[in-house]
Amino acid sequence: MELTVTHHNDLANAIRALSMDAVEQAQSGHPGMPMGMADVATVLFTRFLKYDSQTPDWPDRDRFVLSAGHGSMLLYSLLHLTGYASVSLDDIKSFRQFGSSTPGHPEYRHTAGVETTTGPLGQGLATAVGMALAERHLAAKYGSEIVDHRTYVIASDGDLMEGVSHEAGALAGHLGLGRLIVLYDDNGISIDGPTSLSMSDDHQARFRSYGWDVRAVDGHDPEAVAKAIEAAIATPQPSLIACRTTIAFGAPKKAGTAASHGSPLGKEEIQGAREQLGWRHDPFVLPNEVVSAWREAGRRGAPLRAAWQERLNALPATVRSDFARRISGKLPPDFDAAVADLKKSMVEKAPKLATRQSSQLALESFTAAVPEIVGGSADLSGSNGTVVAALPILNREDYGGRYIHYGVREHGMAAAMNGMALHGGVIPYGGTFLVFTDYCRPAIRLAALMGVRSIFVMTHDSIGLGEDGPTHQPIEHLASLRAMPNVHLFRPADAVEVAECWALALATVETPSVLALTRQSVPPLRHTHVEENLCARGAYVIAPSNGKPEATIYASGSEVAIAVQARDRLQGQGIPTQVVSVPCWELFDEQPPAYREQIIDRSTVRVAVEAASPFGWERFVGEDGAVVGISTFGASAPAEKLYDVFGVTAENVVQAVLRRASKA
């Protein structure tokens, strides 16, 4: 769509008017950024972005990420103006109100047209790297006739200040993701005031050093912006376009100041902006000719989508159905058989392995059965057991590879995984040490908030990692992750449980999973094959008592073996004792009340054991029970010594039961 300057200004001013009016009505929000970037967004959405507002989930659409999520009215204005059904004018008027489709920051699944939840700065940019990576990977698989789109990002000064921007930018440059184009809102203002208060680095030079193509333009010159985007499309490198803008462009007193960043402009200032911009319409009133022009832009991609559908329909039926299955998120029809075969094998072989090693065996099986699995590690491939010999490396020479070397970039890795999951057609997993979930946590939380299938393989899950010491030994991390809504934390006890937990993680589409795995070997505990996935219950009796139970020991992961040792001793002393393995608290919470009551057997003495913070185990053992855990940081020593020093032993479990049994 070719626009005259006057026509462009009218379209951009519609964004400005809706943004300042909505923020004013809500008495909450950020009007300055949408007003400043309205020109850039108008050029992008009317001339370049490939989308069809009537089919928001078209697989080959360009992805648009508003990393500067605080400026959400920019995106909501665009969605409304281009004709997305998800954002009506009433929704604009209900900005930041409960139940509206226009929350304070854009939320995935909440509003059609929002590709990812943003707000925590830097996350959108880092997530977009994963989207761009997934596009290249699927294009290598299915060809450019079916997968041929770009990922555009609007990022703020704050996004580029956040450390994750370094991890994401460096990774994108290394992988040569030339279909990633970042439009940087270079307005020089943050909440506290001028960015010069806290920033003197050169973002453009930094991104050039990553191997990006970098350009600078006047963000209020639509032709200059268009030429920069055209050049970015033509380059094989990822692109950063620094758009020099004025925050709250058009506001007579607050333009270019921090006063417009995170507060309503005020009625007087809004009236002055209307006059300065030449926008002579009442609040929330849009002239028909402006709406018509925007709706035409929203329909611009419909013929492209129709032509794409024809190309898809022309593919062989097997290819077409495989593409549709992968985009839908469904697993292959023979996946359950692969799970059963692996479980049978683990029962027959009864390996004594670290659960990270059992996880590697599971990956060998499941990556063969599920071709959309793409793995990686933050420079700990061997330690995590995430690398599988049959998976080729994914790099700029081969985007069809299925294993990514992320380097020491845990946060960037986790965010990129979310981007791949959001894009569709890929199931990502990535590994590091459990203690470094602290570095991944913002992205794990967003995965949970969005409900995406990112699988975090976290090994070295306790003091059992040994000599590396307290800096690497997780204590509070299991409790912390269990406290996060919509996260499945799996801590399997042996090779069979590992297979079951991996199967659950892969089959759960709208919940991220964390697999907490041991460095040290654990004995086999499941000696009989059953078709049912027992870990799906969250907790189950793994070792029954020899008679009506008088004691119940709860444990997860490597401590289940300790619990079984304690059970054997107690039964030798005449106390029938059962052991409950608790691989996933969250799945246990979803079980019927009668089953939960059966597992939390209040007629028995109840003790839990886990080589971590005891926080939360009271839900299983009650006020009169005991938890054998660790309430301090660890130490540097061999694992066996540490378990003795910190008292995570079968003998201490036995004594905890006996003390309570004697009082019963």
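This write-up is about the structure you can find in this document. Remember, it's a predicted structure, so these values are computed and weren't measured experimentally.

## A word on the overall build of the chain
Scanning the chain from N- to C-terminus turns up 26 helices and 20 strands. The C-alpha atoms of the chain give 28 Å as radius of gyration, which agrees with the globular expectation for 664 residues (26 Å, within 12%). Principal-axis analysis of the C-alpha atoms places the extent of the chain at approximately 90 × 55 × 45 Å. Here the chain, with 664 residues, has 63% of them falling under the buried criterion. As displayed, the chain offers around 24,100 Å² of accessible surface, 51% of which is attributable to carbon and sulfur atoms. Once the 58 positive and 74 negative side-chain charges of the chain are each reduced to a mean point, those two points are 2 Å apart.

## A short note on the sheet that holds strand β10 (residues 403-405)
Read from one edge to the other, the open sheet built from six strands follows the order β10-β9-β11-β12-β14-β13, with strand pairing classed as parallel. Two strands in the sheet have a free side with no partner beyond their single neighbour: β10 and β13 (488-490). With strand direction ignored, the average angle separating the axes of adjacent strands in the sheet is 20 degrees. Inspection of the sheet shows strand β11 (residues 427-433) paired to strand β12 (residues 455-459) by five bridges, in the parallel sense.

## Structural notes on the nonpolar core
Counting 85 residues, the largest nonpolar core has Phe366, Tyr429, Trp502, Leu506, Tyr554 and Phe620 as the members making the most contacts within it. Considering each element in turn, this core owes the most residues, 10 residues, to helix α20 (residues 495-507). Membership of the second largest hydrophobic core comes to 72 residues, among which are Phe207, Ala242, Leu434 and Leu481.

## Overview of the pairing of strand β6 (residues 213-218)
Looking at chain direction, β6 and strand β7 (residues 239-244) are connected through six bridges and run parallel. Considered in β7, the bridge of Arg215 is made with Ile241. This β-α-β element, β6 to helix α9 (residues 222-234) to β7, shows right-handed connectivity.

## So, helix α2 (residues 32-48)
In a regular helix each residue adds 1.5 Å, so 17 residues correspond to 24 Å; α2 covers 24 Å between its end C-alpha atoms and thus fits that length. Where α2 bends most, at Ala38, the angle is about 55 degrees.

## Things to note about unusual backbone geometry
Despite not being glycine, Phe284 shows a phi value in the positive range, around 65 degrees. The backbone of Asp379 shows a phi angle near 65 degrees, a positive value even though the residue is not glycine. By secondary structure assignment, the location of Asp379 is in the loop between β9 (373-377) and α16 (381-384).

## Brief notes about the pattern of salt bridges
Counted by the stated rule, this structure contains 27 salt bridges. We note a salt bridge from Arg491 to Glu559, for which the minimum N-O separation is 2.6 Å. Pair noted here: Arg491 is in the loop between β13 and α20 and Glu559 is in helix α21 (residues 559-572), with a separation of 68 residues, a long-range link. For the pair Arg491 and Glu559, one class covers both residues: buried.

## Section: the sheet that holds strand β19 (residues 605-609)
If you walk across this open sheet you meet the five strands as β16-β18-β17-β19-β20, and the pairing is mixed. The open sheet has two edge strands, β16 (540-543) and β20 (626-628), and neither has a second partner. Within this sheet the neighbouring strands show an average axis-to-axis angle of 30 degrees, counted without direction. Where strand β17 (residues 551-555) lies against strand β18 (residues 577-581), five bridges are found, and the strand directions are parallel. By the bridge assignment for β18, Ala555 is matched with Ser581. Along the sheet, helix α26 (residues 650-663) makes contact with β17, β19 and β20, crossing β19 at roughly 160 degrees.

## A word on the packing of aromatic side chains
A full pass over the atoms with the stated rule returns 19 aromatic pairs. On the numbers, 5.1 Å between centres and 80 degrees between planes, the contact of Tyr142 with Phe323 is edge-to-face. With a gap of 181 residues between them, Tyr142 in helix α5 (residues 123-142) and Phe323 in helix α13 (residues 317-328) connect regions that are remote in the sequence. The class for Phe323 is buried, based on a relative accessible area of 5%. When the centroid spacing of 5.3 Å and the interplanar angle of 45 degrees are considered together, the rings of Trp617 and Phe620 count as tilted. Seen from the ring of Trp585, Arg482 lies directly overhead, with NZ or CZ sitting 4.1 Å from the centre.

Procedures and definitions
- Residues numbered from 1 in each chain as written.
- Predicted model: local features only at pLDDT ≥ 70, side-chain atom pairs only at ≥ 80, totals over all residues.
- Heavy atoms only, no water.
- Helix = DSSP H or I, 4+ residues; strand = E, 2+ residues; numbered from the N terminus.
- Rg over C-alpha atoms; globule rule 2.2 N^0.38 Å.
- Buried < 20%, exposed > 50% of the residue type's maximum accessible area, 1.4 Å probe, protein only.
- Areas by Shrake-Rupley, 256 points an atom, 1.4 Å probe, with all protein chains shown as cover.
- Lys, Arg positive; Asp, Glu negative; His and termini not counted.
- Charge placed at Lys NZ, Arg CZ, Asp CG, Glu CD.
- Pairing = 2+ DSSP bridges.
- Axes fitted to C-alpha atoms, helices over the stretch in contact; angles between N-to-C directions.
- Core = buried A, V, L, I, M, F, W, Y, C linked by side-chain atoms within 4.5 Å.
- Right-handed = clockwise from strand over helix to strand, strands pointing away.
- Expected span 1.5 Å × (residues − 1).
- Bend = angle between axes of the 7 residues up to and from the residue.
- Salt bridge = Lys/Arg side-chain N within 4 Å of Asp/Glu carboxyl O.
- Contact = heavy atoms within 4.5 Å.
- Phe/Tyr/Trp six-rings, centres within 6.5 Å; stacked < 30°, edge-to-face > 60°.
- Lys NZ or Arg CZ within 6 Å of the ring centre and 35° of its normal.

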